[in-house]
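# Report on the structure
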Amino acid sequence: MAVAPRLFGGLCFRFRDQNPEVAVEGRLPISHSCVGCRRERTAMATGAANPAAAAAAVAAAVAVAEDREPQREELPGLDSQWRQIENGESGRERPLRAGESWFLVEKHWYKQWEAYVQGGDQDSSTFPGCINNAALFQDEINWRLKEGLVEGEDYVLLPAAAWHYLVSWYGLEHGQPPIERKVIELPNIQKVEVYPVELLLVRHNDLGKSHTVQFSHTDSIGLVLRTARERFLVEPQEDTRLWAKNSEGSLDRLYDTHITVLDAALETGQLIIMETRKKDGTWPSAQLHVMNNNMSEEDEDFRGQPGVCGLTNLGNTCFMNSALQCLSNVPQLTEYFLNNCYLEELNFRNPLGMKGEIAEAYADLVKQAWSGHHRSIVPHVFKKKVGHFASQFLGYQQHDSQELLSFLLDGLHEDLNRVKKKEYVELCDAAGRPDQEVAQEAWQNHKRRNDSVIVDTFHGLFKSTLVCPDCGNVSVTFDPFCYLSVPLPVSHKRVLEVFFIPMDPRRKPEQHRLVVPKKGKISDLCVALSKHTGISPERMMVADVFSHRFYKLYQLEEPLSSILDRDDIFVYEVSGRIEAIEGSREDIVVPVYLRERTPARDYNNSYYGLMLFGHPLLVSVPRDRFTWEGLYNVLMYRLSRYVTKPNSDDEDDGDEKEDDEEDKDDVPGPSTGGSLRDPEPEQAGPSSGVTNRCPFLLDNCLGTSQWPPRRRRKQLFTLQTVNSNGTSDRTTSPEEVHAQPYIAIDWEPEMKKRYYDEVEAEGYVKHDCVGYVMKKAPVRLQECIELFTTVETLEKENPWYCPSCKQHQLATKKLDLWMLPEILIIHLKRFSYTKFSREKLDTLVEFPIRDLDFSEFVIQPQNESNPELYKYDLIAVSNHYGGMRDGHYTTFACNKDSGQWHYFDDNSVSPVNENQIEV
């Protein structure tokens, strides 16, 4: 009869007698004893791993043996003994099998037994007596083997059955434990593990008290952990983990409890430290809550609602905090981590995963947040792990909360994937088969490679239908999803703020707020402005002004999408063209910059710097007045609102000064090219409106590049041709040589102070339209879902290869919901990106707190017996406030235990009512 072995404390003992087969189990070892030379049959077990326990057990076994009447058994024949021990299935010649038990027998005793049975005389004086392995032990207290024993010289190995036969026939020397060893399987070889690994087990808070325990090289780290928990009497609900002290004195985490002692490279005498998680969810070895290092006694005794715990902002990490708070309040996932279900599913060998580190870091965070011992925690370790595996989250830049959530869900899935080796799965098209069959096949294929708590909780199934516009070929596939990224209904209008600069110098610039088509052109902007000003669109020129210069002059056919919301757009009233056309009678539009001459820091202070200021102008100049003198007068007229003309007294003063200056050395005047030292141009691009070649240049019309060459009467400023950057060097690029030049008005500091009114120059008025706010009606969440399932045509950048046409086609695509997950994540695509701009859609989305019904969107045949199948209740909301360049994330979440909603704003948490929740 065979008795099944039982696990006791992670170890299993099995022993066989001659007839019948017997298994003996127990906490303490039972040693065979031999009194004199009497032969008896006795049950036995392996020696305890703890030497002290082994000694006590041996003594107890000896006492029991002495109290019992020894049983005698006639020995089988000598030939029969030889066959059972040396040959056959139970003999020592049988091959090794991994996991079996073999026993060591001292070589001298075994040789004497061989001589006895081969002598042929059962009554011979060569009778070996009890099995005596004393020569193999280092001492008779701990019964530790001597080092360096060699098989064949010091001992022989016997399989368990042969050992049981010998013990039943001859007995075991009084007090000696059997020397049982396991067969282990190493790469390309199987061998008996004579010397197991002896590890020193200690607790993190009591390193002085150790337990020496023997483990096989093939034992798992999980067995080491269970043994340590038993030795240190750890409660079942307490979390523990192991650290190994390496040869350099540092500690290494033993992450994977499924690998063996051999794979973990543990050696005899190595210190193994068991760490126990604290009640507040932190590990003693980790400084996860830096802010609580100096906690008061009141804070240390804090007891709050589990889950109601803030997260400290580490610097632009509100996006991470918001995503974590949402995920932390998913009941199924949080219970999974709090109950330690994740420990058995950690996948350390998944090449797509993160070696279990993301899952463990998230588990630590959840256990702290739900311990009820923290008002807030610092997610520094989690942030570090995320940055390590996803470089885009390194540093402290602002990111999208949904991007972090997507990364985290994918990382948790791969770290907890139950599929250890992913098989290749070929995607199959429907090919006319029923949807039910194709969907089931797609889901099964997905589960063959992806099986985790994330799949169980968050994954659903799409139906994707593509139709070729040429041949009509229809392709149907079913694809898994983890969240729904739904678009918001987008308005086809946008609001632009512009400044209108009239030609009449008496009128101040006007600020206007215009409603224009998003996909319109610059001409549409002019038409909209014309309705406010009464000026014809043909008399308008649009410019982007940046840093006192023209960054860009727009053509009427350019798209409005090239104008960003942050751009400063000026619209000038003009009466001509900026390109001079020979033979035309139209006025010439001249770009004009304002510059002020300032002393430059130089060794001799003999050079001057010129700095741009104010707003540039586009000035219409009649052809018959297109001379330096005429241009000066036109500019005086255009500047008359904020530039005062000098009176006759001022002119006399100026003439006397100029006469004095003419008597000095012949130094080039400040308006000559050789005497100017221009400042480095600020960053700006060339103006698109002036880079075309002209039939004749402004220089040819004016005759020289600066004016006046000699001051003969009082002038407020000088004029000079410059490039588009506002500097005098017009040969910086080939285009500049043949381009329409710009004009710079150069002011002396004293003249500018006396005659230029800066306050008046910067003044403007607001048109009534500035107060207009384009009302945005809220949209229902169901409208977003409808838009998501609407047929769309693929973009040119993403065509579909039609297997029928054998060409890439701009097919029509339609997504439908086939199967929904238990927890549904809906991502509202508020951020819109184009080639020229980025914007955030601030449309208010209305949604129900309870019973969000998706039954009308799911096309899979529904189960009429379960009408609640596709109804969802809200549990969390991640909110973003602000614009693209700056903003802040917060969270609304419902506590799974109390049902109370809370508002999470980094480390601040406050209760809210349901009517305060909004998206």
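The preceding data block contains the structure.
On a predicted model such as this, the values are computed, not experimentally measured, just so you know.

This brings us to the sheet that holds strand β19 (residues 540-546). Through backbone hydrogen bonds, the strands of a sheet pair up, either in parallel or in antiparallel fashion. Taken together, the 6 strands give an open sheet; going across it, the order is β20-β19-β21-β17-β18-β28, and neighbouring strands pair in mixed fashion. On the outer flanks of this sheet lie β20 (549-553) and β28 (765-766), each paired with one strand and no other. With 4 bridges joining them, strand β17 (residues 493-501) and strand β21 (residues 569-573) adopt parallel strand pairing. Among the inter-strand pairings, Phe 499 is bridged to a residue of β21, identified as Phe 570. Lying on the sheet, helix α14 (residues 522-533) is in contact with β17, β18 (510-517), β19 and β21; it crosses β18 at an angle near 130°.

With respect to the helices and strands, Val 542 occurs in strand β19. Not counting the four nearest positions on each side in its chain, Val 542 is found in contact with Ile 522, Leu 525, Cys 526, Lys 552, Leu 553, Tyr 554, Ile 569, Phe 570 and Val 571.

Right, let's talk about the packing of helix α2 (residues 78-86) against helix α4 (residues 160-170) for a bit. Look at α2 against α4: their axes get within 8 Å of each other, and the N-to-C directions meet at 145°. Read as a crossing pair, α2 and α4 show a hand that is left-handed. Along its contact with α2, which presents Gln 81, Gln 84 and Ile 85, the element α4 presents Ala 162, Tyr 165, Leu 166, Trp 169 and Tyr 170. Among the residues forming the contact of α2 with α4, the class breakdown is 6 nonpolar, 2 polar and no charged.

Soluble globular proteins tend to bury their nonpolar side chains together. Counting 44 residues, the largest nonpolar core has Leu 327, Leu 333, Phe 337, Tyr 362, Phe 382, Leu 412 and Phe 458 as its most contacted members. Top element by residues in this core is helix α9 (residues 357-369). It accounts for 8 residues. Ignoring sequence-local partners within four residues, the contact set of Phe 382 consists of Met 320, Leu 324, Ala 361, Tyr 362, Leu 365 and Leu 408. Listed in part, the 28 residues of the second largest apolar core include Phe 613, Trp 628, Leu 631 and Leu 716.

This next bit is on the packing of aromatic side chains. Taken as a whole and assessed by the stated rule, the structure comprises 31 aromatic pairs. Aromatic side chains Phe 499 and Tyr 764 sit 5.2 Å apart centroid to centroid with 90° between the ring planes, which places their arrangement in the edge-to-face category. Here Phe 499, found in strand β17, pairs with Tyr 764, found in the loop between α20 (758-762) and β28; they are 265 residues apart in sequence, far enough to count as distant. In textbook terms, an aromatic cluster arises when at least three aromatic residues are bridged by ring pairs, as seen for Phe 499, Phe 550, Phe 570, Tyr 572, Tyr 593, Tyr 742 and Tyr 764. For the cation-ring pair, Arg 253 lies above Tyr 255, with the distance from its terminal atom to the ring centre recorded as 4.2 Å. Stacked on the ring of Tyr 396, the Lys or Arg Lys 383 has its end atom at 4.7 Å from the ring centre.

Next up on the list: empty space enclosed by the protein. Empty pockets left among the atoms are what a rolling probe the size of a water molecule brings to light. Summed over the entire model, instances satisfying the criterion amount to 4 cavities of 30 Å³ or more. Roughly 210 Å³ of volume is contained in the largest cavity. Looking at the largest cavity, it is lined by 19 residues, and the ones nearest its centre are Ile 501, Pro 509, Leu 617, Arg 641 and Tyr 642. The set of elements that each furnish at least two residues to the lining of the largest cavity consists of β21, β24 (608-621) and α20. Looking at which element gives the most residues to the lining of the largest cavity, the answer is β24, with 4 residues. Its boundaries defined by the atoms lining it, the second largest cavity holds a volume of some 80 Å³. Considering each element in turn, the lining of the second largest cavity owes the most residues, 4 residues, to α9. Residues belonging to the lining of the second largest cavity are distributed by class as follows: 7 nonpolar, 2 polar and no charged.

Reading across the sheet, the 4 strands line up as β40-β41-β42-β43 and stay open at both edges, with antiparallel pairing between neighbours. Lying at the two open borders of the sheet, with one neighbouring strand each, are β40 (876-882) and β43 (908-911). In this sheet, neighbouring strand axes are inclined to one another by 20° on average, regardless of whether the strands run parallel or antiparallel. Looking at chain direction, strand β42 (residues 901-905) and β43 are connected through 4 bridges and run antiparallel. Following the sheet pairing, His 902 is matched in β43 by Pro 911. Against the sheet, helix α7 (residues 318-328) contacts β40, β41 (887-894) and β42, and its axis sits at roughly 10° relative to β41.

Below, the discussion takes up the pairing of β21. Extensive coverage of β21 is indicated by the burial of 5 of its 5 residues. A two-sided burial pattern is seen for β21, the buried positions comprising Ile 569, Val 571 and Glu 573 on one face and Phe 570 and Tyr 572 on the other. Of the strand pairs in this sheet, β19 and β21 are connected by 5 bridges, and their pairing is antiparallel. Within β21, the position partnered with Met 540 by the bridge is Glu 573.

The subject of this paragraph is the side chain of Glu 114. On the secondary structure map, Glu 114 appears in helix α3 (residues 107-119). Looking at Glu 114, the relative accessible area reads 13%, which means it is buried. With near-sequence residues (within four places) excluded, Glu 114 lies in contact with Trp 82, Glu 86 and Arg 92.

For the rest of this paragraph, the subject is the environment of Pro 537. For Pro 537, the position within the fold is in the loop between α14 and β19. Considered as a pair, Pro 537 and Ser 523 are 14 residues apart in the sequence and their alpha carbons are 7.3 Å apart. Aside from chain neighbours lying at most four places away, what touches Pro 537 is Cys 526, Val 527 and Ser 530.

Parameters and conventions
Numbering of residues starts from 1 in each chain and follows the order in which that chain's sequence is written. Owing to the predicted nature of the model, reporting of local features is limited to residues with pLDDT of at least 70; listing and counting of side-chain atom pairs is limited to 80 or more, with chain, interface and lining totals taken over all residues. The side-chain quantities take in all heavy atoms of the structure and omit both hydrogens and water. The pairing criterion for strands is at least two bridges between them, as found by DSSP. Only DSSP runs of H or I covering at least 4 residues are called helices, and only runs of E covering at least 2 are called strands; the numbering of each starts at the N terminus. We call two residues contacting when some pair of their heavy atoms lies within 4.5 Å. Only the stretch in contact is used when fitting a helix axis, every axis being a line fitted to C-alpha atoms; angles between N-to-C directions are given from 0 to 180 degrees. Left-handed describes a crossing in which the near helix is turned anticlockwise from the far one by less than a right angle; the clockwise case is right-handed. We call Asp, Glu, Lys and Arg charged. Ala, Val, Leu, Ile, Met, Phe, Trp, Tyr, Cys and Pro are nonpolar, and the rest, Gly among them, are polar. Buried Ala, Val, Leu, Ile, Met, Phe, Trp, Tyr and Cys residues that are joined via side-chain atoms within 4.5 Å together make up what is termed a nonpolar core. Only protein chains enter the accessibility calculation, which uses a 1.4 Å probe; a residue whose area is less than 20% of its type maximum is buried, one above 50% is exposed, and one in between is partly exposed. In this scheme Phe, Tyr and Trp rings, the latter by its six-membered ring, pair at centre separations within 6.5 Å, and the angle between planes marks the pair as stacked below 30 degrees, edge-to-face above 60, and tilted otherwise. By definition here, charges over rings are those cases where NZ of Lys or CZ of Arg is within 6 Å of the ring centre and within 35 degrees of the ring normal. Cavities and pockets are defined on a 1 Å grid built over the protein atoms alone: a cavity is a set of grid points where a 1.4 Å probe fits but cannot escape, while a pocket is an open set with protein on both sides within 12 Å along at least five of seven lines, and lining residues are those with an atom within 4 Å of any such point. Grid points are joined across faces, edges and corners, and a volume is the space filled by probe spheres set on the points.

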